[in-house]
Amino acid sequence: MTKLKWTMMLTGYLLFCFLAWPQEALAMHIMEGFLPLSWAGFWTIVTIPFLVLGIKSIQKSIKHNPSLKMLLGLAGAFAFVLSALKLPSVTGSCSHPTGVGLGAILFGPAAMTVIGVVVLLFQAVLLGHGGITTLGANAFSMAVVGPLAAYGIFRMAQKMGTPFWLAVFLASFTGNMLTYMTTSLQLALAFPAAVGGVMASFAKFAGVFAFTQVPLAISEGLLTVLVFNLLSGYNKQELQELSVLPKEVKA
């Protein structure tokens, strides 16, 4: 099986999983109109520089190696499918994976910002998950902070000599958790508690999702490890060019 066919099949499978999975009405994405316009505008402004850097990063990667387009598509499909799967929380709300670890490890956090914004935009328009006015806030948590955390942990683990699978797992787990911690902080800043202020509100919002988010983060980490194991078999050369895997030294 060629690398192109393999990547297309895996991307198609992820999209099939999304279409076949029953969708819930609630989501952790901040819904349309929920944030005050001042905060919605603030998070949009903060996210824009990362988006510009991400566009330049992707253009540079594609110019150097056009064959990476399929992996970019795979990273986007992975994030789209996982972040669209809504799982009910014991608190009555919903949680979901993020899928940002895969793209962050492959292409870096800047490129994942672009992928994440596209994913969130499509979900807002086509699925009603999140919103247009809250796109900046959702993008900052899932497409900026999450990828930065995942990429940083992965590179740190590599320098410490951590096994590859464990580095991938820790990166994906951390990216997931930091996304939700950031979203909880965004909500706390916009809606501080009457007693205890921002910190009390943050503890409340974070606690709402804690029961389901930790096991979800673990599951996402294991799934990301599985995908990387498959990619290592079919796209080893691309992973070496992206410095995800060490290049083999010829004797």
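The structure we're discussing is the one just above.
Bear in mind that the values here come from a model prediction, so they are computed numbers and not experimental data. (Residues numbered from 1 in each chain as written. Predicted model: local features only at pLDDT ≥ 70, side-chain atom pairs only at ≥ 80, totals over all residues. Heavy atoms only, no water.)

### Overview of helix α6 (residues 135-159)
This is how it is decided: For the purposes of this entry, the term helix denotes a DSSP run of H or I that reaches at least four residues, the term strand denotes a run of E that reaches at least two, and both are numbered from the N terminus. Expected span of a helix: the number of residues minus one, times 1.5 Å.
Counted at 1.5 Å a residue, the expected span for α6 with its 25 residues is 36 Å, and the 35 Å between its end C-alpha atoms agrees. Gly161 sits one or two residues past α6 and shows a positive phi near 80°.

### Observations concerning the nonpolar core
Applicable threshold: Among buried residues, those of type Ala, Val, Leu, Ile, Met, Phe, Trp, Tyr and Cys that are joined through side-chain atoms within 4.5 Å constitute a nonpolar core. Type-normalised accessible area, obtained with a 1.4 Å probe on protein chains alone, sets the label of each residue: buried when under 20%, exposed when over 50%, and partly exposed for intermediate values. Here a residue-residue contact requires only that any non-hydrogen atoms of the pair lie within 4.5 Å.
Judged by nonpolar contacts, the single largest core of 44 residues is most densely connected at Leu102, Leu106, Phe107, Phe228, Leu231 and Val244. Breaking this core down by element, the ones donating at least two residues are α2 (37-64), α3 (69-84), α4 (100-107), α5 (109-127), α6, α7 (164-190) and α8 (197-234). No other element matches the 9 residues that α3 contributes to this core. In this view, Phe228 contacts Leu102, Ile105, Leu106, Phe164, Val168, Leu239 and Val244; residues no more than four positions away in its chain are not counted. Core analysis: the second largest hydrophobic core is formed by 13 residues, Ile30, Ala40, Val144 and Leu187 among them.

### A short note on α5
Along an α-helix, residues three or four positions apart point the same way, because every turn accommodates 3.6 residues. Its 19 residues give α5 an end-to-end C-alpha distance of 25 Å, which sits within 8% of 27 Å, the value for a rise of 1.5 Å per residue. Residues Pro109, Ala111, Met112, Thr113, Val114, Ile115, Gly116, Val117, Val119, Leu120, Gln123 and Ala124 constitute the buried set of α5. Contacts made by the buried residues of α5 are with α2, α3, α4 and α6. Following α5 by one or two positions, Gly128 has its phi on the positive side, about 75°.

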